[in-house]
Amino acid sequence: MEQKMFCYQCSQAAGGKGCTYSGVCGKNSTLARLEDNLIFTLKGISAYAYHARELGYTDPEIDSFIEESLFATLTNVNFDPESFVEYALEAGRMNLKAMEMLKKAHIEYFGEPEPTEVRTGTVKGKGIVVTGHDLKALEELLKQTEGTGINVYTHSEMLPAHAYPKLKKYKHLVGNLGVAWHDQKQLFKKYPVAILGTTNCVLIPDESYRDRMFTTAIARLPGVKHIKGYDYSEVIEKAKSLPDLPEEEGEKVLTTGFSASVVLSLKDKIKELVEAGKIRHFFLVGGCDSPNKKMNYYREFVKNLPKDTVILTLGCLKYRINDLDLGDIEGIPRLLDLGQCNDSIVAIQIASALAELFGVGVNELPLTLVLGWMEQKAVSIFWTLMHLGIKGIYLGPILPPWVDENILKVLVDKFDVHLISTPEEDIKKILG
């Protein structure tokens, strides 16, 4: 007999008339969405804290907040929507701390990223493709494959690994294959390589490559061998048993690795160009990609920007634009790849430093954020931006599922959030 779920507030059957499936009365659906938002945000904070912990960095204040706010979703605070807005903004502050901690860990452990060109073709020989975000797992694989004749390729959010000195020293880290996370099934079918999934954004494989896919660290997939710890001997043996890849040039060369220190080393030149009217505006076009056709907006947006604008990008959304040849403005590249979604703190650091350089607040800078899709880590970054008081953000292509009319009104009225329309209309609205 099917067991029904009941709302803990009204005792009606969850999903029935007057009650949402989440177990909160329909009249309080906004509150339920705010709870969902907080949980999504905590997932993002936890991801950053997890990666930092792998490298020996922790913060008890972050840990304490995660405990308290999760507990809050089970207590009487769930009768108070305002409390969850306060929790969301505090989660933004905690996520800022988590991102700062992870960036410090990455730099102290792997070195400061530097602009690096990355090939997109294949090198003759055996291969392993690494997807996800976990740089520690990639490093351990590189150590174990050194001298074996196996080439290692990055995929999706692992692309920025090529810019870290401690990782790029491995000559068998030879390139990047594919684009964002959603191309996995086509990409992994195409190349007869072993595959290592390290974090979220891994897809359930089909039978054509299931037996050569492995997960590690936090990642799990049904029917896929999971490796606890960092012993990747099974991945290596599988790679050795597979056919060689051919020598094949890629269609493009990608450039990544514009760290905060690299960009800010150019600050005097940037200030000169801005004051001379040669750089009119900066855009951050980044976030999460998805296979939704509406995501084409971001490519068209960048292609339609005038040549006196500079575009910063990060996250897997960069694959919508990082093959574009946008040239430079007197030596300043017009397209700067700052890294993974895990590197979002870099954009914040750059914006803060430019605000100080020009003697204005961040919201007075000629800077607009155009963000795509709200996956869990992106939600946590969004609330960090809200915590920092960043206004005028453009968001799309669809609203996050936790946003209803009431929440949207707060985001629009209090934080000046805009929903994207068309590239042409939005560019006109921003630049005038």
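Small disclaimer: the values here were computed from a predicted structure and weren't measured. (Residues numbered from 1 in each chain as written. Predicted model: local features only at pLDDT ≥ 70, side-chain atom pairs only at ≥ 80, totals over all residues. Heavy atoms only, no water.)

1. Describing the pairing of strand 6 (residues 213-216)
A two-sided burial pattern is seen for strand 6, the buried positions comprising Met-213 and Thr-215 on one face and Phe-214 and Thr-216 on the other. Relative to strand 6, strand 5 (residues 194-197) is paired through three bridges, and the arrangement is parallel. Looking at strand 6, one finds that Gly-197 is bridged to Thr-215. In terms of strand pairing, strand 6 meets strand 7 (residues 225-227) through three bridges, oriented parallel. Among the inter-strand pairings, Thr-216 is bridged to a residue of strand 7, identified as Ile-227. (Buried < 20%, exposed > 50% of the residue type's maximum accessible area, 1.4 Å probe, protein only. Helix = DSSP H or I, 4+ residues; strand = E, 2+ residues; numbered from the N terminus. Pairing = 2+ DSSP bridges.)

2. So, the nonpolar core
Ranked by size, the top nonpolar core spans 66 residues in total, and within it Ile-45, Leu-338, Phe-382, Trp-383, Leu-385, Met-386 and Leu-411 carry the most contacts. Here this core takes ten residues from helix 3 (residues 81-110), the largest share from any one element. Excluding anything up to four places from it in sequence, Phe-382 contacts Met-374, Leu-395, Trp-402, Leu-411 and Val-417. The next biggest cluster of nonpolar side chains, apart from the first, holds 26 residues, and it includes Ala-137, Met-158, Ile-227 and Ala-239. (Core = buried A, V, L, I, M, F, W, Y, C linked by side-chain atoms within 4.5 Å. Contact = heavy atoms within 4.5 Å.)

3. Quick notes on the side chain of His-226
Within the secondary structure, His-226 sits in strand 7. Separated by 2.9 Å, the side chains of His-226 and Thr-215 make a polar contact. Those residues in contact with His-226, other than ones at most four positions away along the chain, are Thr-215, Thr-216, Ala-217, Ala-219 and Arg-220. (Polar contact = N/O pair within 3.5 Å; in protein donor to acceptor, adjacent residues only side chain to side chain.)

4. Comments concerning the pattern of salt bridges
A complete count under the given rule lists 28 salt bridges for this structure. With its nearest N and O atoms 3.2 Å apart, the salt bridge here joins Arg-280 to Asp-308. On the criterion of sequence distance, the pair formed by Arg-280 in the loop between helix 9 (267-275) and strand 9 (281-287) and Asp-308 in the loop between helix 10 (296-303) and strand 10 (309-314) is long-range, its members being 28 residues apart. The partly exposed category is assigned to Arg-280, whose relative accessible area is 38%. Among the ionic pairs, Lys-409 bridges to Asp-413, the shortest N-O distance being 2.7 Å. Highlighted residues: Lys-409 and Asp-413, both in helix 13 (residues 405-415), separated by four residues, approximately one helical turn. Lys-409 gets classed as exposed once you look at its relative accessible area, which sits at 53%. The network of salt bridges with common partners includes Asp-59, Glu-61, Glu-90, Arg-93 and Lys-97. (Salt bridge = Lys/Arg side-chain N within 4 Å of Asp/Glu carboxyl O.)

5. Remarks on the packing of aromatic side chains
The geometry of two aromatic rings is summed up by the distance between their centres and the angle between their planes. According to the stated counting rule, one finds 13 aromatic pairs in the structure shown. Their ring planes at 45 degrees and their centres at 6.3 Å tell us that Phe-65 and Tyr-87 sit as a pair that is tilted. In this pair, Phe-65 is assigned in helix 2 (residues 60-72) and Tyr-87 in helix 3, connecting sequence segments 22 residues apart. Each member of the pair, Phe-65 as well as Tyr-87, is classed as buried. On the numbers, 6.5 Å between centres and 80 degrees between planes, the contact of Tyr-230 with Tyr-232 is edge-to-face. When the ring centre of Tyr-230 is taken as origin, the NZ or CZ atom of Lys-136, which lies over that ring, is 5.7 Å away. Over the aromatic face of Tyr-109 sits the side chain of Lys-166, whose NZ or CZ is 4.1 Å from the ring centroid. (Phe/Tyr/Trp six-rings, centres within 6.5 Å; stacked < 30°, edge-to-face > 60°. Lys NZ or Arg CZ within 6 Å of the ring centre and 35° of its normal.)

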